[in-house]
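Listed below, chain by chain, are the residues.
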Amino acid sequence: MGPGIKNRFLSVFVSNLLPSKQIAKGLVHNSKILMAGMILATLLLIMPASQVRIDPSGFSFNTGDSKGYKDYFAFVESFGTDDYILLAVKNDLKISDPKLKKRIHIVNKELTAIESILKVIDLGTIESSDIFKFMGTTHFWDEKIITNLYPVIPGLSRLISSDMKTIAFIVKIDNEKLNGFQLETQLKKMKQIIAMVFPEYPHCYAAGIPVLRAAFERHNLVSALVFGFLGLLFGTLLAFYIFKTLWAGIMVMLTSFGSILWTLGIMGSFDLALNLATGLSFGFILVVSTTTVFHIISKYIQLLKHNSKDKALIKTFEIVLRPCFMCALTTSAGFLSLTISPVKMVQQAGIIISIGVILGFLLTLIITSFVLPRFILFNESIIHKTKKDF
């Protein structure tokens, strides 16, 4: 079979698959019904979209069959998640000073009173523990005794430094209730409590897996918001500059917001988390939505000069529908191939982008079929200014 026959066969197949004329007429004649249905579906998707969880763990960086990935889940199954935070502050008081013991007790009491904090471990809790009592030592608050206890009591070196100048508190949190932005808010409160009790050094240091997870979660969300906002802003401004009408920018915003909301709704419905890769996926969705709007508006304005609004829009869809669909389809298929990646995060990004691209294309057709004939009228100055720019 020669290349000419192959191309003709593909053209016939696409033509039968996409009867552009019938679809174009259906879009224009049923634009009100389609728009109402789209608004209703959007309202229904708001709830699952608001429930999209953010994945702060970073575990999806690992490949599903890697040893580290399997070891982590084996650890979680046996012991639960790592939910301890270490808070450290410098201290000038001697270990034998009663004021230090009193300060530690105050911090322990204040931290334990915070909701979602399950336990606080410090030098005071070590003193009252069975391990210390079993050793038969009567006096705990002595520099030499604590130095001798380092190799005996596990974790003691994390509560006080070898020079006795840094005091630490190990806080166990309820990781199911306290995470993300809530954790960072409560962490700020914990630092303030310690800073008030140890006023000589008001800066408190925090470390631990939950702290890293919260920072990673914030980074994911900020990256998604910044990337999406910049893409939306540039697309809107570019549409306004090219077509010299505010409605062009509004259509870019409507299609972009709709595509993102629908994609988030699907993510929430199927429990797909928002991580570093899926957060950046929305930029690709914005690109497809924006370019399709540009193609439709430019052809519509061109045909509107010699045709009625509905006829110009039908002809526009007949011309633009098939190539734009093939562009969206090939883009979607290309990103869908990422699902064969062994990295879970990349797999999720491939699924989200492929779904979002097709959704963006479909929503663009519905929105433009409703907005164009109602709000964008023929204006000779628009064509003149557009030609002048290019």
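Caption draft 1: Molecular detail of the overall build of the protein. Secondary structure assignment for the protein yields 15 helices and 4 strands. Counting the 390 residues in the protein, one finds 44% classified as buried.

Caption draft 2: Structural view of the pattern of salt bridges. In total, this model carries 2 salt bridges according to the counting rule given. The salt bridge partner of Lys101 is Glu127, with a shortest N-O separation of 3.6 Å. Placement of Lys101 in helix α5 (residues 98-112) and of Glu127 in helix α6 (residues 123-127) is noted, with a sequence separation of 26 residues between them. A relative accessible area of 39% places Lys101 in the partly exposed class. Glu200 is paired through a salt bridge with Arg103; the nearest N and O atoms lie 2.9 Å apart. A residue pair is termed long-range when its members are at least 10 positions apart, and Glu200 in the loop between α9 (180-197) and β4 (205-207) and Arg103 in helix α5 qualify at 97 residues.

Caption draft 3: Structural context of a nonpolar patch on the surface. Judged by side-chain polarity, Val222, Val226, Phe229, Leu230, Leu233, Phe234 and Leu237 come together as a nonpolar surface patch covering roughly 640 Å² of accessible area. For Phe234, a relative accessible area of 56% gives the class exposed.

Caption draft 4: Just the layout of surface pockets, in detail. Here the second largest pocket is characterised by a volume of approximately 340 Å³. Elements with a minimum of two residues in the lining of the second largest pocket: α3 (31-50), α10 (209-243), α11 (246-269) and α12 (276-304). Counting residues per element, the lining of the second largest pocket draws most heavily on α10, at 6 residues.

Caption draft 5: Up close: the sheet that holds strand β1 (residues 84-90). Taken together, 4 strands build an open sheet; the order of strands is β2-β3-β1-β4 and the sheet is antiparallel. Each having just a single partner strand, β2 (117-121) and β4 make up the two edges of the open sheet. Looking at each pair of strands side by side, their axes are set apart by 25° on average, direction ignored. Relative to the sheet, α5 contacts β1, β2 and β3 (166-173), its axis offset from that of β3 by approximately 20°. Each of β1, β2, β3 and β4 is contacted by α9, which is oriented at about 30° to β1, the strand it contacts most.

Caption draft 6: The arrangement of the pairing of β1 in detail. By the bridge criterion, 7 bridges tie β1 to β3 in an arrangement that is antiparallel. Counted as the bridge partner of Leu87 is Phe169 from β3. Relative to β4, β1 runs antiparallel, the two being bridged by 3 bridges. Bridge pairing in β4 places Ala88 opposite Tyr205.

Caption draft 7: Here's a closer look at the packing of α3 against helix α14 (residues 344-375). Direction vectors running N to C along α3 and α14 enclose 130°, while the axes themselves pass 9 Å from each other. If you check the angle between α3 and α14, you find them oblique. As α3 packs across α14, the resulting crossing turns out to be left-handed. Along the contact surface, α3 presents Ser31, Lys32, Leu34, Met35 and Met38, while α14 presents Leu363, Ile366, Ile367, Ser369, Phe370 and Arg374. When grouped by side-chain class, the residues that make up the contact of α3 with α14 number 7 nonpolar, 2 polar and 2 charged.

Caption draft 8: How the structure looks around the environment of Cys327. Looking at the secondary structure, you find Cys327 in helix α13 (residues 309-336). By relative accessible area, Cys327 is classed as partly exposed at 48%.

Caption draft 9: Spotlight on the packing of aromatic side chains. Within the structure shown, the criterion is met by 2 aromatic pairs. Where Phe140 meets Trp141, the ring centres are 5.3 Å apart and the plane angle is 90°; that geometry is what we call edge-to-face. Each member of the pair, Phe140 as well as Trp141, carries the same accessibility label: buried. Measuring from centroid to centroid gives 5.8 Å for Phe325 and Phe361, while their planes differ by 50°, and the two rings are tilted.

Analysis parameters
- Residues numbered from 1 in each chain as written.
- Predicted model: local features only at pLDDT ≥ 70, side-chain atom pairs only at ≥ 80, totals over all residues.
- Heavy atoms only, no water.
- Helix = DSSP H or I, 4+ residues; strand = E, 2+ residues; numbered from the N terminus.
- Buried < 20%, exposed > 50% of the residue type's maximum accessible area, 1.4 Å probe, protein only.
- Salt bridge = Lys/Arg side-chain N within 4 Å of Asp/Glu carboxyl O.
- Patch = residues over 30% accessible without salt bridge, like charges linked within 9 Å, V, L, I, M, F, W, Y side chains within 5 Å.
- Areas by Shrake-Rupley, 256 points an atom, 1.4 Å probe, with all protein chains shown as cover.
- 1 Å grid on protein atoms, 1.4 Å probe; cavity = no way out; pocket = protein on both sides within 12 Å on 5 of 7 lines; lining within 4 Å.
- Points joined across faces, edges and corners; volume = space filled by probe spheres on them.
- Pairing = 2+ DSSP bridges.
- Axes fitted to C-alpha atoms, helices over the stretch in contact; angles between N-to-C directions.
- Contact = heavy atoms within 4.5 Å.
- Parallel < 35°, antiparallel > 145°, perpendicular 65-115°, else oblique.
- Left-handed = near helix turned anticlockwise from the far one by under 90°.
- Nonpolar A, V, L, I, M, F, W, Y, C, P; charged D, E, K, R; others polar.
- Phe/Tyr/Trp six-rings, centres within 6.5 Å; stacked < 30°, edge-to-face > 60°.

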